[in-house]
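Residues per chain, in single letters:
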Amino acid sequence: ENKSMATKDDFKKFMLHDKQLQYPKLDQTYRYDKSKDTSEPCIQTANQAAWSCGFIISSEEAQKLWHEFQAHFNERKAADPSIGTFQNVFGMKKRDDGTVFFSAKKNGTKKDGTLNDAPKVLDGNLNDLADKRIWSGSVGTLRVKAFPSSNPSNNTTGISLLLDTVQVTKAVYRTDDDFEQKNMEIEGQPSNQPESSSDSDFKAVGNTKPDTFQSPSPNDNASDEASEAAKIPDFDDEIPF
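Keep in mind that this is a model prediction, so the values were computed, not measured.

Chemist: I'd love a proper account of the overall build of the protein, names of residues and values included.
Modeler: Along the backbone of the protein there are two helices and ten strands. When the helices and strands of the protein are listed from N to C terminus, the series reads β-β-β-α-β-β-β-β-β-β-β-α. The buried share of the protein, taken over its 241 residues, is 44%. Within the protein, contacts between residues at least 6 apart in sequence are counted, and of these 76% link residues at least 24 apart. Here the protein displays about 12,700 Å² of accessible surface, and carbon together with sulfur accounts for 48% of that area.

Chemist: I'd like a description of the packing of aromatic side chains, backed by residues and values.
Modeler: Within the structure shown, the criterion is met by seven aromatic pairs. Ring centres of Phe55 and Phe102 lie 5.6 Å apart, and the angle between their planes is 10 degrees; this geometry places the pair in the stacked category. Taken together, the positions of Phe55 in strand S3 (residues 50–57) and Phe102 in strand S6 (residues 100–107) put the pair 47 residues apart, joining distant regions of the chain. Here Phe102 falls in the buried class, since its relative accessible area comes to 0%. Ring pairing ties together the aromatic residues Phe14, Phe55, Phe69 and Phe102, which thus form one cluster.

Chemist: Account for unusual backbone geometry, naming residues and giving values.
Modeler: The phi dihedral of Asp37 is positive, around 55 degrees, even though this residue is not glycine. Here Asp37 lies in the loop between strand S1 (12–33) and strand S2 (38–41). The partly exposed category is assigned to Asp37, whose relative accessible area is 39%. The backbone phi angle of Leu126 is positive, close to 70 degrees, even though this residue is not glycine. You can see Leu126 is positioned in the loop between strand S7 (120–122) and strand S8 (139–151). Look at Leu126 and you get buried, because its relative accessible area is 3%.

Chemist: Explain the pairing of S3 residue by residue, including any values.
Modeler: Most of S3 sits inside the fold, with eight of its eight residues counted as buried. The two faces of S3 match: Ala50, Ser52, Gly54 and Ile56 on one face and Trp51, Cys53, Phe55 and Ile57 on the other face are all buried. Across five bridges, the pairing between S1 and S3 is antiparallel. Directly across from Gln22, in S3, lies its bridge partner Gly54.

Chemist: Explain the environment of Val172 to me, and be specific about the residues and the numbers.
Modeler: Assignment of secondary structure puts Val172 in strand S9 (residues 156–174). Spatially, the C-alpha atom of Val172 lies 9.8 Å from that of Leu21, the residues being 151 residues apart in sequence.

Chemist: Describe the side chain of Ser160, listing the residues and the values that go with them.
Modeler: Its place among the elements puts Ser160 in strand S9. Side-chain polar atoms of Ser160 contact the side chain of Ser149, separated by 2.6 Å.

Chemist: Break down the confidence of the model for the protein for me, with residues and values.
Modeler: With 76% of its residues at a pLDDT of at least 70, the protein reaches an overall mean of 82. Low pLDDT, under 50, characterises residues 214–224; the stretch is placed with 14 contacts to residues that sit more than four places away or in other chains. Overall, residues 226–241 carries pLDDT values under 50, and its contacts beyond four positions in sequence, including any with other chains, amount to 47 contacts.

Chemist: Please provide a residue-by-residue account of the pattern of salt bridges, values included.
Modeler: Here the structure, examined in full by the defined rule, presents twelve salt bridges. When the shortest N-O distance is used, the salt bridge between Asp128 and Lys132 registers 2.9 Å. Salt-bridge contacts for Lys145 lead to Asp164; the nearest nitrogen and oxygen are separated by 3.7 Å. Placement of Lys145 in strand S8 and of Asp164 in strand S9 is noted, with a sequence separation of 19 residues between them. In this structure Lys145 comes out as partly exposed when scored by relative accessible area, which is 27%. Assessed through its relative accessible area of 18%, Asp164 is described here as buried. Each of Lys13, Arg143, Lys145, Asp164, Asp199 and Asp201 takes part in a single network of salt bridges with overlapping partners.

Chemist: Lay out the environment of Leu16 with the relevant residues and their values.
Modeler: For Leu16, the location among the structural elements is in strand S1. Accessibility expressed as a relative area gives 3% for Leu16, which makes it buried. Here the alpha-carbon distance between Leu16 and Gly140, two residues 124 residues apart in the chain, equals 8.5 Å. Dropping the residues within four chain positions of it, Leu16 is found in contact with Phe55, Glu61, Leu65, Gly140, Thr141, Leu142 and Val144.

Parameters and conventions
- Residues numbered from 1 in each chain as written.
- Predicted model: local features only at pLDDT ≥ 70, side-chain atom pairs only at ≥ 80, totals over all residues.
- Heavy atoms only, no water.
- Helix = DSSP H or I, 4+ residues; strand = E, 2+ residues; numbered from the N terminus.
- Buried < 20%, exposed > 50% of the residue type's maximum accessible area, 1.4 Å probe, protein only.
- Contact = heavy atoms within 4.5 Å.
- Areas by Shrake-Rupley, 256 points an atom, 1.4 Å probe, with all protein chains shown as cover.
- Phe/Tyr/Trp six-rings, centres within 6.5 Å; stacked < 30°, edge-to-face > 60°.
- Pairing = 2+ DSSP bridges.
- Polar contact = N/O pair within 3.5 Å; in protein donor to acceptor, adjacent residues only side chain to side chain.
- pLDDT = per-residue confidence, 0-100.
- Salt bridge = Lys/Arg side-chain N within 4 Å of Asp/Glu carboxyl O.

What follows is the structure, encoded as structure tokens:
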């Protein structure tokens, strides 16, 4: 796989509105540690370091997305037949309840080793979200960019999703039983609106609603997260669902 030849046309924008977020890793880069079977924070230049965020959608919407991703792949294939045949959307997995999980990510560094900018994480007012350590169950709108990619380990080709921006409209934070629950209201907004507020893909929806909970929900336990992480360690090494 040689993505250094990628052109702007390879990346197609998709907007996903009001989705339940799953395993968000937005406060810094993380990587999957095989020996511990979990994702851990790491420096941006570490091997396989990435920001990532999963989201859950209905099977109907997933089928529609799949066809749109396939159409984009085939459009790029017409321009460059060497990219192969559409077989998979990497980081996509059917869930037991009939919904479908997708994951988008952004590597800590570019192929040449230079640092990538972190994905933008906005609050309901399109300001930078103050505390990005949100948990599964948060809700938001995502802007992702689909691009053709391949998995050399099993020789499959398909679409991967680049994480560009997340607007968090409901933030879930974990609290510790041993400490007093802190009030997660987001205080005051900066008077100078950032450039992102003029971004026509997102609209202000008021303050991000904070939510706190004492213990993870059953489908958010560490082993489940670890198995998810194991399936999506890197865009160049994916397992189709």
